[in-house]
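# Structure assessment
Residues per chain, in single letters:
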Amino acid sequence: MSDSVLHATWLPAAQRLFMWGESVEVPRRKGRQPRIPRHPYQSAPETISERLDQLALKQADAAEHPQTIWLPSANGSPLPSPELLEMGASLPEAEHVELAPWQVTGLLLPVDAALDLLLALSSAQATGADLQAWRVAALVAMRLIARQQVVPVLQRDGFHLRARWQPRLDPETAQTVALLSRSLPPICRAAVDDPASAPAPRALLDDFLAAAVDATIRAIALKTTLPTTTPGGTWLRALLGADPILKLSGPAADDLFKSWQAWAGQGNVAGDEQFRITFRLEPPDDEADPWLLTYLLQATDDPSLLVPAASIWREQGQTYTYLERRFEQPQERLLTGLGYAARVFPPIEASLRQAAPERAVLSATKAFSFLKEAVPLLEQSGFGVLIPAWWQGRGARIQARARAKSTAPKPNEKGVLSFERLVSFDWELSIGGEPLDRSEFERLVELKLPLVQVRGQWIALDPEHIDRVLRLFEQGGGTLTLGEALRMGLGADGAVTPQGVEFAGLEAEGWLHDLLATLSDLQRLEPQPEPRQFHGTLRPYQSRGFSWMAFLRQFGLGACLADDMGLGKTAQTLALLLHERERLNVTAPALIVCPTSVIGNWLRELQRFAPALRVMIHQGADRRQGEAFERAAAEHDVVLTSFPLLARDRETLTSVGWDSVVLDEAQNIKNASAKQAQAARALTARHRVALTGTPVENRLTELWSIMTFLNPGYLGSEAAFRREFARPIERTADPQATERLRKLTTPFVLRRLKTDPAIISDLPEKLEMNVYCTLTPEQATLYEAVVQDALEQINQAEQDENAIQRRGQVLAMLMQLKQVCNHPAQFLKDGSPLPGRSGKLARLVEMLEEVYAEGDRALIFTQFAEMGAMLQSHLSAAFFDDVLFLHGGTHIKERDGMVRRFQAPKGPRVFILSLKAGGTGLNLTAANHVFHFDRWWNPAVENQATDRAFRIGQRRNVQVHKFICGGTLEEHIDELIESKRALAESVLGGGESWLTELNTDQLRDLVALRRADVVEA
């Protein structure tokens, strides 16, 4: 969808997100038009589905849906959106613009899928302002959950009660939501049958936030059996389960609903901004004694400041004051609060028969009920609750530990274990890290108490937990695959056994213990000697990477080498392939799968580092198939092919038993359901390697897809991975899930950054500098004329309240001003002469003269292909040299030829590249100067382009020159980006669209020309 824009809006009645697309040019559908005409330039639903594929999102629940959208229209056609205008769509001339209905066909996404989409988007993608607004709303919803700004509610639904979660905004978040509602683009409210019925912005936003909060909490809720023995437990089950309807009726339902209404209407029944009523549960010294639930006041600004209820009853006045904190009508409010709490936890009621209640006396069973059922409800109601640390998971609890050993001998240097190798294990219980045998556990069960003391520590023994432990004992031990054993040994935190008992980890013996220890601490890794036939010298960090892959191979474990771009992933991989043949006597071929554009690069690197390896390229119309391919592959050490052929020739490639399979740019299999990913998983190999600088680009499920290729089954099914890791981490930044996933994946994903001094200390410095250029009088005249004319049109559109037209005119003005700053001939498009008319061009020639004098080489980046062609012609004539120019229309063979010529010892001195075509995927270390002739207002994009020269292989300081026309919008925007550097990529990274939101006065200030920066030619 590079030539289309994705739109979306929330439909409250359907509780779905409606997605549709708008294309630059789509053939009009022929045939009879319906009553409401079809949008002539809408994207097909299949095209929208492709975008979901690119984001690795599930589409099972997406359904095609026709929808009426009211859009600004003229001359019988809808006007293109500002985002589409940026892509080259033309804005028709029209004297009269009006709202008109258009039928578009798109996709309806349920809340879960909608959130996955919105959270996967970046601000730089080709999306409309409406979809970006909902992306911000999704982030707000996640912040509400992360900050626990949610409240449970009950709703009457006919004869049933429905449980839901709704946002409860603090002042800061309320301001954010109010600002977002005021700035909600009008197109967000355009999906209606009648414009008069369009929902108010705040109502639409509130409905979306409520749906997002409710769906997310249910999706990440702990999937355990919840109690239904009390009305409160039934409510909790409906709040956390898939079914929001309470299985409750009659008086019980009425009483619960009335209690909720009373609670919802009480407001500050639990306290105020100074104090809140708090309950502290105190265990007895002896099991035979009762538990105490003590009543306190807790200072809201200092939780450690607690006032016993006895102090309140002794107070005579209408105000209780303590350390300059005031609590009005203390006795009456304390009684009211306790009365409300008694409806949530009835055992409190008995204490209220006293004149001055200070505490409630509880049995062990009631204390357990308080901990398990009442605590969350009281906390949601605003009360403070102080409970023993062991209940919150910081003390003793019964856990299951697996003791494992392998009957297989430790693999020698030439052996390779299978990931499916079986490991035997037995279960054992522990409490506080100490073993607990079955007989001792059964004695505890015989007490028939939910809270018991063991070795001086309290533990909970509810019936459900007892049943799980007994099932674990009855099933006993068994066998695990090596992969399952590693998962248990590395990712124990927060895990549970198949029987539902908290898992305390795996105790391994023998070589399995050594393997787990090394995977947990890679500093223990023994270095491997460099292969004799490796032509070159591995840097220290490269040697560690090669040794790490060789170590994992010994145990049949796949490796993801995720080094930063330029750190030499190819060299490390070739060292591994040579190691396999020299030290392990491997004879079966290795398969390398990579993008089509880098097959030539792999071939050159093989010839450079590993010329002893026999290489076969599986590419082209005459490539071998079937038995002929198998015979040919057996005669070679390495077979090179591309990702498109991996899917197309799946039957041929899967017929060979490969020794190793290497996926270069492994992000190509990030979508697990794509044919390429399925074909990669179908390959048979003793060892698998993934090479990528971006193991996660948008979604954590991309990491799952790569890991499933490397070590099948290790991270479980995709559904389980989404439930356990992806949703908790992406939506609420769950620290426990994050840490557990880190422990599980770190041993198999090696990530090093070239900016880390510990990795590479000899990379030359990158020196960045702004080069301020002056405008010629011709440029200044054109600049001011463009500004004056554009601002008049923008101001007129503002008076006409035509937001769409205004945004288009702002973007057009910005593009024209950038062209004027480059050269008048680019703006005028008249083919006029270049010399003497541009301050930028004059300064570039001057600086290139120094480059030539010093014998250096330079890269020149521009975002305009037409400007690149002008520069090539002018610089070739000025320096009597062959100047290269790479742009989007350059054929791949020409591209490779240009790179080879430039990298050659006596190659051309200057290489011009269009920013999009040459910003990634090239190694151009022959250059030690980088010129950004015009600026792309996204620091990440410019840095990627600069990294064509600033990477491994570069032996000189790289000087980066960023051209800026002083006194123009280029200087003003550069100042803005530098002043907000930390936000530049996220806020300013989407191109120029953010500038369209400035008002006319702000725009006038931004583009105003300072005449002092104009120089005579």
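Going by the structure above, here's the rest.
Note that the structure is a prediction, hence the values are computed from the model and not measured.

### Looking at the packing of aromatic side chains
- What the rule picks out here adds up to 16 aromatic pairs.
- Note on Phe 931 and Phe 963: the rings are 5.9 Å apart at their centroids and 90° apart in plane angle, and the pair reads as edge-to-face. Of the two residues, Phe 931 sits in strand S33 (residues 929-932) while Phe 963 sits in strand S34 (residues 958-965), which places them 32 residues apart along the sequence.
- Taken together, the aromatic side chains of Phe 279, Tyr 295, Tyr 340 and Phe 383 make up a single cluster linked through ring pairs.
- Sitting over the ring of Phe 902, Arg 857 keeps its end group 5.6 Å from the ring centre.

### Description of the sheet that holds strand S32 (residues 910-914)
- Strand order in the open sheet made by the 6 strands is S29-S34-S33-S30-S32-S31, with parallel pairing throughout. Strands at the two margins of the open sheet, each flanked by one partner only, are strand S29 (766-773) and strand S31 (884-886). In this sheet, adjacent strand axes meet at a mean angle of 20° when their direction is disregarded.
- Sheet topology note: the strand S30 (residues 858-862)/S33 ladder contains 4 bridges and is parallel. Residue Leu 859 lies in a different strand from S33, and its bridge partner there is Val 930.
- Against the sheet, helix H31 (residues 892-903) makes contact with S30, S31 and S32, and its axis sits at roughly 140° relative to S31, the strand it touches most.

### Regarding the pattern of salt bridges
- Counted by the stated rule, this structure contains 24 salt bridges.
- Close ionic contact of Arg 581 with Glu 580 constitutes a salt bridge, the shortest N to O distance being 3.7 Å. Taken as a pair, Arg 581 and Glu 580 share a single burial class, namely buried.
- What you see here is one network of salt bridges that share partners, running through Arg 553, Glu 580, Arg 581, Arg 614, Asp 637 and Asp 659.

### Details of the pairing of strand S1 (residues 4-11)
- Among the 8 residues that make up S1, 8 are buried, leaving the element largely enclosed by the rest of the structure.
- Side chains Ser 4, Leu 6, Ala 8 and Trp 10 project from S1 onto one buried face, and the interleaved Val 5, His 7, Thr 9 and Leu 11 project onto a second face that is buried too.
- Here S1 folds back onto strand S2 (residues 16-23), and the loop between the two strands holds 4 residues, one of which, Gln 15, carries a positive phi near 55°.

### Looking at the nonpolar core
- Counting 84 residues, the largest nonpolar core has Leu 486, Leu 515, Leu 519, Trp 658, Leu 663 and Phe 748 as the members making the most contacts within it.
- For Leu 515, the contacting residues outside a window of four places in its chain are Leu 482, Leu 486, Phe 551, Phe 555 and Leu 557.
- Counting residues in each nonpolar core, the second largest holds 60 residues, with Leu 121, Phe 208, Ala 238 and Phe 257 among its members.

### Some details on the sheet that holds strand S25 (residues 638-642)
- With parallel pairing, the 7 strands of this open sheet are ordered in space as S24-S25-S23-S26-S27-S22-S28. Every other strand in the sheet has two partners, leaving strand S24 (615-617) and strand S28 (749-750) as the edge strands with one partner each.
- Here strand S23 (residues 590-594) runs beside S25; their pairing, made up of 5 bridges, is parallel. Across the sheet, Leu 591 pairs through a bridge with Val 639, a residue of S25.

### Digging into unusual backbone geometry
- The backbone of Gln 15 sits at a positive phi, close to 55°, despite the residue not being glycine.
- Its location among the elements puts Gln 15 in the loop between S1 and S2.
- Residue Asn 585 is not a glycine yet carries a positive backbone phi of 55°.
- By the secondary structure assignment, Asn 585 is in the loop between helix H17 (569-583) and S23.
- Take Asn 585: its relative accessible area is 49%, and that puts it in the partly exposed class.

Criteria and cut-off values
Residues numbered from 1 in each chain as written. Predicted model: local features only at pLDDT ≥ 70, side-chain atom pairs only at ≥ 80, totals over all residues. Heavy atoms only, no water. Phe/Tyr/Trp six-rings, centres within 6.5 Å; stacked < 30°, edge-to-face > 60°. Helix = DSSP H or I, 4+ residues; strand = E, 2+ residues; numbered from the N terminus. Lys NZ or Arg CZ within 6 Å of the ring centre and 35° of its normal. Pairing = 2+ DSSP bridges. Axes fitted to C-alpha atoms, helices over the stretch in contact; angles between N-to-C directions. Contact = heavy atoms within 4.5 Å. Salt bridge = Lys/Arg side-chain N within 4 Å of Asp/Glu carboxyl O. Buried < 20%, exposed > 50% of the residue type's maximum accessible area, 1.4 Å probe, protein only. Core = buried A, V, L, I, M, F, W, Y, C linked by side-chain atoms within 4.5 Å.

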